[in-house]
Each structure stands twice: as C-alpha cells, then as structure tokens.
There are 6 protein chains.
Amino acid sequence: MTDTVRSDWGIPHLVAELRQLRVQALENRRRQQPPRLPSRKILANIVDQLSAVLFPNRLGLPDLTDESIDYFVGNTLDNVLRQLSSQIELELLFARELAETSAVAHCSASDYTLQFAAQLPTIRQLLDTDLQAAYEGDPAARSADEVLVCYPGMVAVIHYRIAHLLYQLGLPLIARMISEIAHSATGIDIHPGAQIADSFFIDHGTGVVIGETAIIGSRVRIYQAVTLGAKRFNKDDSGMLVKGNLRHPIVEDDVVIYAGATILGRITLGKGSTIGGNVWLTHSVPAGSQINQAQVRAESFDAGAGI
Amino acid sequence: MTDTVRSDWGIPHLVAELRQLRVQALENRRRQQPPRLPSRKILANIVDQLSAVLFPNRLGLPDLTDESIDYFVGNTLDNVLRQLSSQIELELLFARELAETSAVAHCSASDYTLQFAAQLPTIRQLLDTDLQAAYEGDPAARSADEVLVCYPGMVAVIHYRIAHLLYQLGLPLIARMISEIAHSATGIDIHPGAQIADSFFIDHGTGVVIGETAIIGSRVRIYQAVTLGAKRFNKDDSGMLVKGNLRHPIVEDDVVIYAGATILGRITLGKGSTIGGNVWLTHSVPAGSQINQAQVRAESFDAGAGI
Amino acid sequence: MTDTVRSDWGIPHLVAELRQLRVQALENRRRQQPPRLPSRKILANIVDQLSAVLFPNRLGLPDLTDESIDYFVGNTLDNVLRQLSSQIELELLFARELAETSAVAHCSASDYTLQFAAQLPTIRQLLDTDLQAAYEGDPAARSADEVLVCYPGMVAVIHYRIAHLLYQLGLPLIARMISEIAHSATGIDIHPGAQIADSFFIDHGTGVVIGETAIIGSRVRIYQAVTLGAKRFNKDDSGMLVKGNLRHPIVEDDVVIYAGATILGRITLGKGSTIGGNVWLTHSVPAGSQINQAQVRAESFDAGAGI
Amino acid sequence: MTDTVRSDWGIPHLVAELRQLRVQALENRRRQQPPRLPSRKILANIVDQLSAVLFPNRLGLPDLTDESIDYFVGNTLDNVLRQLSSQIELELLFARELAETSAVAHCSASDYTLQFAAQLPTIRQLLDTDLQAAYEGDPAARSADEVLVCYPGMVAVIHYRIAHLLYQLGLPLIARMISEIAHSATGIDIHPGAQIADSFFIDHGTGVVIGETAIIGSRVRIYQAVTLGAKRFNKDDSGMLVKGNLRHPIVEDDVVIYAGATILGRITLGKGSTIGGNVWLTHSVPAGSQINQAQVRAESFDAGAGI
Amino acid sequence: MTDTVRSDWGIPHLVAELRQLRVQALENRRRQQPPRLPSRKILANIVDQLSAVLFPNRLGLPDLTDESIDYFVGNTLDNVLRQLSSQIELELLFARELAETSAVAHCSASDYTLQFAAQLPTIRQLLDTDLQAAYEGDPAARSADEVLVCYPGMVAVIHYRIAHLLYQLGLPLIARMISEIAHSATGIDIHPGAQIADSFFIDHGTGVVIGETAIIGSRVRIYQAVTLGAKRFNKDDSGMLVKGNLRHPIVEDDVVIYAGATILGRITLGKGSTIGGNVWLTHSVPAGSQINQAQVRAESFDAGAGI
Amino acid sequence: MTDTVRSDWGIPHLVAELRQLRVQALENRRRQQPPRLPSRKILANIVDQLSAVLFPNRLGLPDLTDESIDYFVGNTLDNVLRQLSSQIELELLFARELAETSAVAHCSASDYTLQFAAQLPTIRQLLDTDLQAAYEGDPAARSADEVLVCYPGMVAVIHYRIAHLLYQLGLPLIARMISEIAHSATGIDIHPGAQIADSFFIDHGTGVVIGETAIIGSRVRIYQAVTLGAKRFNKDDSGMLVKGNLRHPIVEDDVVIYAGATILGRITLGKGSTIGGNVWLTHSVPAGSQINQAQVRAESFDAGAGI
C-alpha cells in the first residue's frame, strides 16, 4: 500500500483490445448484445437456503425451537423464492435471446417460482427416503442425521432433486448450474435430466457420472467412480451430433453397482442385479444378475464412454 | 427490488406441509426433538485456524515476525479451541440422544478439547514427516514449503490427522465431518478411523478412497484413484450388515501404490512392495513384491468394492 | 458465550512446544527465517477477477451496459494487477531465499505483472476457441454462454491458461497454486507446465490428470478420469529422482480420448486418433488410430502411473 | 505487504507492561478477575433488529409482503431475543460481581428476556403516538412514515423506550449502553431512568440532555440543545455525592420547550406552558405560563447544570 | 450456543399482537398497504460512493494512478447511479401513494437519475470553493486536502450539496434522509431546502441548525451551535401550522457568525456583517454590522427558536 | 436486477468533465499529482484495536481468560501497529509533498510507530485516572467498568490521548483525523494539540470544544456544550491569520466547568475554581473562584468564539 512508485499497467490499451475481442465474439455468434446470465454464486446461496428450508435444524440453524422453527422456514422461503425468481427471470431472458420462444411463452418467472415452491414438500419426502437408504446401506452410518451432515452423496442428491425439478419445469440452464455446484463440491456429476426414483444412495461418490437420459429405479445403490454413460454419439447425415436421443442406461429397482463400474448405452440392468467393481458393461442384463469382471468379456466398440 | 407487484408464494401452506413432514420424520425415528448437530461451516473454519496454528507463516499470515508469531499462535489457539469445544458439546448432546451413553459418560466438552489440544505438537511432528516425504517423492517439488501450500495431498493429510485424533478421542461425527471437508476440497476420501503412520504421501489424489479399518505403515506413497476398500460386507443371520469388523487392507512400510489400483479386503501388502497402476488386488502379497496388471489374474468375487 | 467457568487450555505450554518444532524444522532445512508465501485465498480472488476481466458480462456482473463495461474492465484490471503484483513479489522473495537467483535477476514484480497483463487478450482469444470447441463437442450444450457458466472443463481451462502464462514467465509457485485451485473446484489436475493448443475441451472432467511435460495439439477432446502421465521416474546414480525430463505424452491435433483412458510415457498419439474408454496405453500410435480395450494387450511394466 | 524488512515493535515488553497495569487496576478495585461486560456492537445490532420487529416494512425490509411479514417478524424476534438474553446474562454476572445481589436474586436472563418481550407491543403503541406527535408538530413533515425514517428525534425515542423498559426491569447497564448508542447517533442524551409519557417529540435534537429522574407528561415537544438537568449535586456529611435523589424537572402535559432552554432542578413546568429559546430556568412555573428570556432574571446559584 | 434448555419466547402471541397494531396503524392512516421506503443504509453507501466519484484519490482509493483513476470513477458512477435509481423509484412509489401526483407525473426514476448525474461536475466545482474557503478560514488548516479528510463541516457540506440537488429535482424524502446521515455524523443539521452559495465554511459545527427556507450568500463562515431558525410558526384559522412560508434568515455574502449565535425569523444579515458568539438576534442588520452580546437587548417574543 | 431496459447514464461525458475539474484543481494548488492520504475508515479501526489492547476484557473480547489475554494483546498489537505504520507512511509522503521536510527528515514510519507503541502503557495509566475521575464525579456511575463501556466522555478521552501522542510525535494529520472520529461519535471536539493532565472527566459532552493551545490541569471536570476557545484571531500586516500563537485558556487543577459555559482567550482559571452553567468568560479568575451568570457582566469584544 505504501510503495511510492505507482506503475501503469497499460490499462487503456488492454481495455481496447479486450473490447475488440468481445465485439468480434458477438459478431461470430450473430448477436447484438452480450447475454445476461444467472449467477453461480447466487444459485449456490439459493441451494443452501433451500436446504435450510427442507431440513431447518440440521442444515439451517441448530438453535431453532419448536416455536421458532416455522418462522425461520417461512422467512427463509420468502427470501430464497424472491432470489430464485430473479435468477429464473435471467434464464427466461437468455432463452428468449436464443429464440427458444416455446420455452418461455407460457409463464412468468413468478409462475415458475410458484410451481417450483409447490413441489418442495415432495422433494422433502423423497430426500427422507434417500436418507433412510443411506443409513441402511452404509455399515458406518450411525443415524440418518449423520448422513445428512456428512455424506457427499446426500449433498449431490439434494442438489439433483432441486435441479431436476427446475429441469422439468423448463429451466435447463439454472438446473445445470446447480448440478455443477454439486459436482464441484462432491465430484459427483448427475445430469439434471436424469430420472431417479426414491431411496437412492451414492457412497463415497468421487468420479460418479450419470447421463442426461439415464433412468434409475427405487432403492438403487451406487459407489464411487461409476459411470452411467452413452456408448457413442450418433451423428446425422451432415456429421453433426444428434441431440436428445435416449442414450444412457436404465437401472431397475434394487440394483447395486460397485466402484469403478462403467455402464454404457441404452441398456437395462434388471431388477435386483449386482454389478461388481470395475466392470465394463455395454449390454443389458436380466433381473437378479450377479456380474463381475471375470464374467465380462471385453467387447470391441468404436467410440467409448462419452456422455 | 423495485417491481411494484409483489407476489405471494403460498408460504403459510408450504410451512404447514413441511412441518407435517418433519413431525412425521421424527415419529419415524421415535424421537421427540430434532437433533442439534455440529456445523460444517464452523468446522471448516476450525480446521483453517488449526492449520494456521500448526504452520503459522505458511498457512496463517505471511507477515508474522519472530516476535509476533507466538502471539498469533496463542491467540488463534484460544479462539479455535473455544469454538471446537462448542462443536464437541453438540456432538456429545447428539450422542446422548442416540443413547450412546458410554461414549459420553467420562468427560465434558472441555476435557475433550484439552486432550485434543495436548496432541497438536504431535500432529505437527507427523505432518513434518509427511511434508518431507512429499518433497522427496515428487520430482516436481522444489521445496517442502511449496508442497504445503500447493498439494491437495497435504490438505487431505492435515485434515486426516486432525480428524483421526478426534475419532480416537471418541468424537466420530465431528471427525467424519472434517474428513468430508477434505474430501470435498481434494477428492481424497480418507475415513478418520484409518490408521496411518508417518511420512505419508498422496500425489494428485482425486478419487483416492481409504476405508475405516485400513492400516498404513511408514513412508507409504499413493497416487490418484487408489482404493483401499472392503471386499464385501458381512451380514448377520438376520441379513443386517455387520459393523466394525476389520475389512480393509494393511499396507506395510515403504509400499508404493500407483494410480487407479484397487486393493480390497483384509489383505496385507508386504513391506517395500510396489503395486502398479490399475491393478485389481484382493489377496495379500509378500514383502518386496512388484505387482502389475499382467501378473494379476482377474479373480471372481461376489460383491465388489464397497467400503 | 455465557458459561461462567472459563477453562484454560494450557496455551503457553502449547505455544512453546510448537515454537520448538518450528525452530527444529527451520534448522532441518538450514534456514534462518520462515518463508513468506503467496496466499491461496488471494490467488483464488485474483483468478475470479481475471475471469471477470476476460468475460465481463458472463463471469463479472450481469448488469453491465455498453457504456459501463469498459470502466468495469479497466477498474477491475487495476485492482487485480495490483494484487497480482504483490503475490508475485512474495514468490520472488521466496525464490531468492531458495537461491534460485537466475529466475529473479532480470525483473521486478511490476515487470512480471506487465508482461502477464499484455498477454490477457491472447488468453481471451484462446478461450474463445475452447468455448467454441465445447459447444460443438457436447450434444447437450445449447450455447457457448452456457458452457462458460456451467462446465467444469471451462473452469479448469481458464485457470490453466492463466497459470501456464505465469509458469512461462518464470513464476512456477503461483502457477501451481492456481492450478490447484482449479483442481479443487473441478477434480481436473492440469500441471501449469503442460502445453495445450487452442480449442481444447474436457467433458465432465473429474479425475483428469495432465502432467508437466505433456504437449496437446489443437481441437483435442478429453473425457473424465483420463490420465496423461509418466510411465516411470528416472533416478540418477545416487538414487535420486531426475527432474525436468520429458516424460509425458504428446497428443497431436484432433485426438479424442474417452473416459478412464490411461496414457503413460513420452509417447505420441497421432493426429486424429481416437482412444477408447478405460484403455491403458504406453506406446505411440500412428495418425488416425482407433484404439479400444480389446486391441490393447496388457503390457508388463515396472513402476506405473506416477506423474 | 511486500516490504522485505519486517521490524519488531517490542511487543513482549509492551505486553508485560500492560499486564502489570491491568493487575494493578484490579487490585485497586479489590477484584480478582476482570469483568465480562455486554458488547456495545451487539447491543446496537439488537436495537436495529428490535426496530425491524416493531416497524418491519419501514425499518426492516422494503420487500415484505402481507404473507411474508409475520415470518420475518417472528424469525427476527427469535434471533434478537436470543442475543438479548446473552447480553442480559453478562449484565447479571457483572451485577453479581458487584455484590448487587438483590438485583439478580429473582430471575434468570431468560426470565428477563421474556418480560422484556411481552412489553414490545406496548412499546409499539407508544411509538405510534410519538410518530403522530412528530408529524403534527413539524410543518415540514409530510407523513408519519417520513418521520420514522428521517428524524433523529424518533431514533432517540425508539432507543429510549427500549432502554427505559430494560431499566425498569433492573438492567441499568444495558439500558445505559443503549441510551448512549442513541446519544452517539443523534446528539440526544436521554437517561434511561427518565419517565416519558406518550406523544413525545424532539425536533433537531442535537445537544438535548434529559436527566435520570426527569418526568415528562403527554404531548410534550422539545427542541435542540434543551437541558432538563440537576441544579446541584447534594453531598453527604463525608463529602460524597448522594445518589438517586429526585433532582431533575417535572414537565407536565402539553409543554413546549424551545431550543437552548436550560431547566434545572426538581421544579415543575405546569401543564401547557411554553418555555422560550435560551431561557435559563431554575424555579417552577404554573400551568399555562409563557416564559421568555426577558422575563427571567438571572438567578444566583452555587453549582450549575450538572446532571 | 450450547445451553441444553432452549426456551420459548411466546413468539406466536407477540407476532399476532404486533400484526394487529400494524393493521390498526394502517387503518388510522387510511391506507391499505404499508409503504416501501428508501433505505438509510443504502443511501449512506450511495453518498460514500458519490464522494469517491467527486474526490477519487482523497475519498476513494489512495492507490489510484493517472491511468486507472477514470476507470475507477466511471465504474463507481455506474454502480452508484444504478443504486440511486432504485432508491428514487421507492420515493416515487411512496409519493404516488401519498397522492402527490404532480411530483411524479413527469419522469421516471431513470430520468431523475440522469438529471442528478448531469449536475455532479457542478457540485464538484462548488465543493472546491468550499474547500478553499475552509483552508483560508481556519488558521489550523495546512492544506485543502487535510480539510477534505478531517473537517466535519466538509462532510456536512458534501451531503448538503448532494441532498439539495435531489430536493430541487423533487425528491424531498431521499434529500432529507441524506441530510440526516450528515446530521448524525457531524451534529450539523442543514435542511436540504436551504439555499447556500459557494465558499461556505462551518467550523467545529456541532449543534448548527439551518432551516428549510434559509438563504446564504457567498463566502459565509459559521461556527458551532449557530441556529438559523424560524421565529415562530404561523397557524391558520383552524389552528393548523402553515407550511412552506419563508420563515428563516437571509445571510448575505461575506458574513461571519460566531459560535452559539441564534438568528431567528425572515431577517437579513447585511453583506460583510460579523455576528458575535452567543448573540440572540431577531431583527435585520445592515451591511457591515459588528454585533456582539452587549449590543443586543433581549427582545420579548412569543414562541422561540423552532425551525 | 431484472429490468430488461438498461439505461446509459452518460458516464464517459461525466468522467471527462470530472477529470478536467481535477486537473484544474491540481493546477490551482500548483501540484503535479493528487495526494495519497490516510484513510479515516482504517484509522477508526486502528483506534478500536488500540482500545482493545488497552482494555482487553472490556473493549476487546469478553471471553478472554487469564492465560489467553496476553496472546490477544500481543497479536492485536502486532496487527494494529503494522496498520498504523502504513498510515503514518502516507502522512509522511503527504508532508513531504507539502515541503514540510523538517517534520520528516529524522525518522521512518517504523520509527514513529515504535515511539508511539512505547507510550501505550503511559496512556493506559492516564486513562485509569480518567476512569476513576468519572466514577467519582458522576453520582449515576456504579463502577469504573460501566464508565468505560457507556460514557461518551471516555470515548473522547481515549481518542484524545492517542491523538495527542501522535500530534506530539509530529503527525498532526492522523492526529486530527482521529480527533474527528471521536467528534463524530460523541459530539466532543478536542483538538489533538491541547494538553490535558490526568483525571479528566467530561460528562454528557455533546457540543464541548477544546482548542489547540488549551492547557488543562489535573482533576478537571467539564460538562456538555463547554467551549474553551479563542477570543479572536490575530492577523498579520497583510491581513492573513497568524497561526500557532497561544490563544486558548489555561485551566488549572481541580476546576469544574458546568454546561454551556464559554471560556475564551489565553486566560487562566485558577486552581479549584467553579464556573457556572452558561457563563461567558473572557478574563482570568483567581484560584478558588465561584463564577456564575449573575457575576459576569457581558463584555464587549470584537470577534467572538472562533477557535
């Protein structure tokens, strides 16, 4: 702070160069104006507050009493829904600029927020089943409370269930940003488009990847570094990637998938199957299968494990 | 802030629904009152301050002088131990509610804090060996100082050594929460119950998992995505998972385990062995072994790499 | 705050013990004074501000107008370059203490900062190609804007391009600390010494490791858990690790490497090759190769996947 | 931050000298332990929150809706009462150390807090009359809302009514600290022991002083620099000041006192009187008096305007 | 934080009582909805930023260089004008609710903000004359820079000139709130409606009061506790106070008024006059007058020094 | 945040106009560069920390224990002296620019800081006498502790004693800025050049002004709105104000001055005198005088109560 020689950094020149690059980039994208996007920092704060609304004692404030808890929940809801509404507004503006008019024709940011809010109790119910599943599935867990405050799998699933709801409502950008907040915090990468039923448990979790069109049944358990990916990307006649087709696995109820297993393509793991560690699997297996490395022959394939 | 129409979100209805779900959840767990749990945010702050106490110049403040450093250390200690004591109090309350009376009969939060504090110099000594091991083990490291401020492996080991001490004192919840703070920051997941001797070095680290009953000797070096896991979970006659049995590997002194290796079950890696990258190993190997993928036959197994 | 019994923690004793250990550690390193090191927290803030300078609307403030944006960019530049200059000063002091005089003989912290600043437009240009590559490479991406705010791969590449520039200027410590900030946030570990050309895209990314001497061409695409590592470390006659030799792969233009592939040693992946998921590869492949697991025989090797 | 010579300040010597002075001071006061006192900063925050509870839209948040306002009020109440209870606990400890056992024998900090909370609606009712009085008494005021957010007199009266309630409950230290927060913000110094009825209005206010035993009726209006002070302090036989006797004026209903007037001693200003600017008054005046400078002869007196 | 008994404060009952009082108050004011008002905290921040815009080196950041200063000014302007526009929006809403439609018919918050911004250079010019006047008028001042960072009179005048501009634009509420921010910080109470020419200097300042219709010429100097007030308030036939009439003094160029002088009513102090300390003056004096206490006979008057 | 039309404020034009005014102002002052000045905000923080150093339990942290208190004091000292040294550096730079070379020839900012630090115990001793004087002088005070946390007079005296020491060392700008921080908080305006002996007590205090060359003996007591000012300013032959002459009163030991008294000029109030409320005094009085309004004839004078 106290050095007597204050140097110049050539700022005016840098500012001009950077402006030129921005103008160029806009022209390349045939845009007039730079987009205004939702903020990751604000969305992270929104998820923290929603977590506090859903589990006020354990993820909100430890000192809440029976008489004060509803005031805390109501006041936090009012704050967080107002903030969420602003972020949704930004996504709607952005979608409009992308000419995705169908997505935004029907309702306002307020409407979206209301629809989202109405589903919060349902999310709480699902998360209660996830908590119970974690408690029962991990011999080290001594209580569901402990799972809630310790397990990265729970962090990922809370974010997923919030993000998935927003994705369903037609807000894929905010949904994806929330998924990536969880990905950064846990190393677990669940696309908000994936459909995951109740009582879902991910243990350890680092390196788990679950693709956009994956479908996961009830009471499924997954360990670290498991991939539910796409076998290959389809290209159309002009060589462009085809978007949106069903390309990720279906995992039926009560399946367990151990660490490092790679499951690729629109295949089905039948109800109650167990997939062993490090297994590489690109074909469906019937209900009740017990798959391990020895049983799986390496298959030839063209492309690999892109998602 | 200035929109003139302020909408209602249906908050009273949501608050009522969420209350009902909380009451239901408490009833399901046969509890009267929601638990009051330690706070992850406060624990993260506690670890930051303990790191500053242990390495005041490098992880505390860069401007400390020889005359000021002890005041910084002493004052930070006073703050951090007071905060830790409050968090321990919350764990003791929680344990009491779980009727784990044995764990809490003997001493107060203050006593626990005192016992913890007394071991801080020992932790510093161990961490000095870890630093030296990292410096010697990585050709890219130019000084131990650089290791301390750069390497995620050091972040994980600092958290582990603090968490393990708390685990040993009978505070498994706080210990686990601290482990998960490191897991989130580094992708390295070391259970606080694992026993790890001096001069331990993890390079890169993302995806490393070390289980609760693992035992690791001196001068062991581990690379990214290594798992020291359980081969299978034992169930009792009623089908419930058996807790607490010895199910993770013993790694003897001077072992090196390269990236992606998976070591499962209560097996022993003999002193001075080297385990190659991506090796899948479920049986013990004698001292001095050099194991690579070619040598390991795939073994059949039932369950996989759960921890 | 209000408990009436305020306990003593034995602080004077702890402070004395910790001082003794610090003195011991300094003596072991033959130093008189503890080093003063750059701060990770400040560097993280610096990268955030540089990101805002490079992409002011999308990573800075959403409310910037055409008339205000240059003021925002110029003012942020002034702040961030001043802070960066202070951190560079600390690295230069540290280097001087390590007797690395050659590195610091030629210029001041201000000079380094100026040289860094002058390259910011070049970094922006490269990042524009990376954004475009991500948009084209991922069927789920609907716009380059979305990639910028969502994709962990972009976070990692922004940090890499900044860190690599600092590394090239002769500031390896700050460079490495910035790399580790990205590693912590994304699970992607790119050594700042690696050389990566334009249009680089990492999808999902958790567990990716790219070593110090790796060279990556234009339009390369990489998926999660890919390692570009060293096959083994060379030791000199006295058994010490040899530093700085070329030990990581060369990846030519237009190569795609799918999830979990491990590429080790100074080998070359020829232009336009595709490496399948989970492939373990330790020899060069010619241009246009299509490599999958079935084609790769497990090779015997001594050491493994250290970097 | 970057100067290479870090100087020593002689801290150990200073610390020792300051300790000796503290020990000396404790001995002079015949104490063993330094007191633990309430915090001015926390009390300022408490008053801000209580203001928000009392006037949620105008002194709380502007965006509250009809459905969210009660949640805001209830949640803020829970926070602020918890904090207040901690501060009361500190005052009770302090009182106990002063051996003022009578004051603390009867109830806990919680009890005091409850009694305080129960009177908040009464305080709101009184403040509504004060607001109305200000609106009617100032030709420049266009609405009571404006008075609430603009007028220093209202700030002083809000603090006074809170502080007086605490004073009545037997918490003179916290009461006084809150009075001084208002004094600092407004230049208006109302002792919390003064008794002031409804519809009280102070305009401009800088320099107003109202003593501990003053009694003020309904609908009184006071301008800047008015003193309601003590004429002299009585001393006992040993020359010590006598505490607690009734030494300040009684101001009856509907009195107006213009700027700079000094009213000293236990005199009575009769109902409906008007006291002109700069008047110096040390004797009672009957109801309906109109006093100005010309009418008042300077009186001889011994001591003056101490309070 | 850790006490095991968590008490109830009777919050639901308090919330209900406070709601009832709010409803009652709204009814009394014949309103349906509580007003949304500008925020004093935000306005204080706005004035701080405007001060930094006007004097960037001395009231902004000390480290600005010649090349960076304009970026700082431009960026701060963008932030502060956006915030000011939001606060103006709230005042316009409030005025509309008060049915003061004339005030708000003509322009939007943006328009007001633009008009305000356009006058900032004029404000800077006036403040430069004020600075020079202070430097010349105080024997203790060594430089105009010192005056700017030290003198409460300058703080008051900066706030006044900003507030007066807003008042002239038709935004009396924000204007008044800004005046009161200065009043709280300095004890100097200048109504934003007062008209004050260039080169104005207030020394010490505590207790100064300048009324709404006062007019002050060039090069006027005022000391602490000076009042430029109204002699009495006129009432209409129904006994209500008449608003807005010209009731405060006119002070011509080059007048000096010493500490404690009280000047009341629509009188004129002629050019170049000097008014001595503690003088009480309610009639005009010609140019060049030298007034002191001995010369002033106490005048009889009815009401006093209300403003 | 979400309004779709983002207006322009004409920022480039404003920035240019303001730049021109700054350039003009510099030219008027015959300067090349704008000054870099100490920061009021940082100085306020410095005084807070010094207060905590001087009275760690009462103005620092309430939870300090006997073993932790010295660490708190030492660590706070290190922080605050470092910050103070930076601020002193700015004043020295500023003085150098003003060509006041004599003031800065002899020592560095570090030297000044050391000299300041060495006097802190002396300041504590003096403040202990002030505390005792307040406790004995106010019938409402129940303990010296209460005085320390409640009384604005103590706030003013703490700031004064710190500022006076800096003034004596030759740092008049920082000294004055600290005085003004107290003036703003308390309405008490003590010039840092005044010389005040031990056991000084100001009660209430709003409006007190004590001039630069005033001398105050031991055990003096002063009430609100007392002025110790200059009778007139001397001008030299050219009509410029003469600086630095002795123009304020000498108040001998054991004098009491009641509220509103105005004492002007280089007169002496003899030991043990009592000056009544509102007295206007411009001549010396012998020891033991009892002065009240009736005894003082209004004196004629030329100029008044400037300081």
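This is a predicted model, so every value here is computed, not measured.

1. A short note on the interface of chain B and chain C
- With 58 residues of chain B at the contact, the number on the chain C side is 53 residues.
- For the pair chain B and chain C, the interface holds 4 salt bridges.
- For Asp70 of chain B, the salt bridge is made with Arg19 of chain C, and the minimal N-O distance between the two is 2.6 Å.
- Linking chain B to chain C there are 9 residue pairs in polar contact (both at pLDDT 80 or more).
- When residues of the side of chain B that touches chain C are traced back to their parent elements, those giving at least two are helix H2 (40-54), helix H3 (56-60), helix H4 (69-97), helix H6 (109-118), helix H7 (120-137), helix H8 (144-150) and helix H10 (172-186) of chain B.
- It is H4 of chain B that provides the largest number of residues to the side of chain B that touches chain C, a total of 9 residues.

2. Points about the relation of the copies chain B and chain C
- Of the transformation superimposing chain B on chain C, the axial component is 0.0 Å and the angular component is 120 degrees, with the fit at an RMSD of 0.1 Å. In the structure described here, the two chain copies are related by an operation that fits a three-fold rotation axis.
- Comparing interface residues between copies, only 3% of those in chain B also lie at the interface in chain C; the contact surfaces differ.

3. Observations regarding the side chain of His204 of chain B
- Its location among the elements puts His204 of chain B in the loop between strand E3 (201-202) and strand E4 (209-210).
- A distance of 2.7 Å separates polar atoms of two side chains, one belonging to His204 of chain B and the other to Asp189 of chain C.

4. What about the side chain of Asp138 of chain D?
- With respect to the element layout, Asp138 of chain D can be found in the loop between helix H7 (120-137) and helix H8 (144-150).
- For Asp138 of chain D, which is buried and forms no salt bridge, the nearest opposite charge comes from Arg176 of chain E, at a distance of 4.5 Å.
- Only 2.4 Å separates the side chain of Asp138 of chain D from the side chain of Tyr151 of chain D, close enough to count as a polar contact.

5. Observations regarding the packing of aromatic side chains
- Throughout the structure, instances matching the rule amount to 15 aromatic pairs over all chains.
- With centroids separated by 5.0 Å and ring planes inclined at 15 degrees, the aromatic side chains of Tyr223 of chain A and Tyr258 of chain A adopt a geometry described as stacked. Highlighted residues: Tyr223 of chain A in the loop between strand E6 (221-222) and strand E7 (227-229) and Tyr258 of chain A in the loop between strand E9 (256-257) and strand E10 (262-264), separated in sequence by 35 residues.
- Tyr258 of chain A gets classed as buried once you look at its relative accessible area, which sits at 7%.
- Aromatic side chains Tyr151 of chain B and Phe201 of chain B sit 6.4 Å apart centroid to centroid with 40 degrees between the ring planes, which places their arrangement in the tilted category. Within this pair, whereas Tyr151 of chain B is found in the loop between H8 and helix H9 (152-168), its partner Phe201 of chain B is found in strand E3, the two being separated by 50 residues in sequence.
- Sitting above the plane of the Tyr151 of chain D ring, Arg176 of chain E keeps its charged end 4.3 Å from the centroid.

What counts as what
Residues numbered from 1 in each chain as written. Chains lettered and ligands numbered in written order. Predicted model: local features only at pLDDT ≥ 70, side-chain atom pairs only at ≥ 80, totals over all residues. Heavy atoms only, no water. Contact = heavy atoms within 4.5 Å. Salt bridge = Lys/Arg side-chain N within 4 Å of Asp/Glu carboxyl O. Polar contact = N/O pair within 3.5 Å; in protein donor to acceptor, adjacent residues only side chain to side chain. Helix = DSSP H or I, 4+ residues; strand = E, 2+ residues; numbered from the N terminus. Least-squares fit on C-alpha atoms with pLDDT ≥ 70 in both. Buried < 20%, exposed > 50% of the residue type's maximum accessible area, 1.4 Å probe, protein only. Lys, Arg positive; Asp, Glu negative; His and termini not counted. Phe/Tyr/Trp six-rings, centres within 6.5 Å; stacked < 30°, edge-to-face > 60°. Lys NZ or Arg CZ within 6 Å of the ring centre and 35° of its normal.

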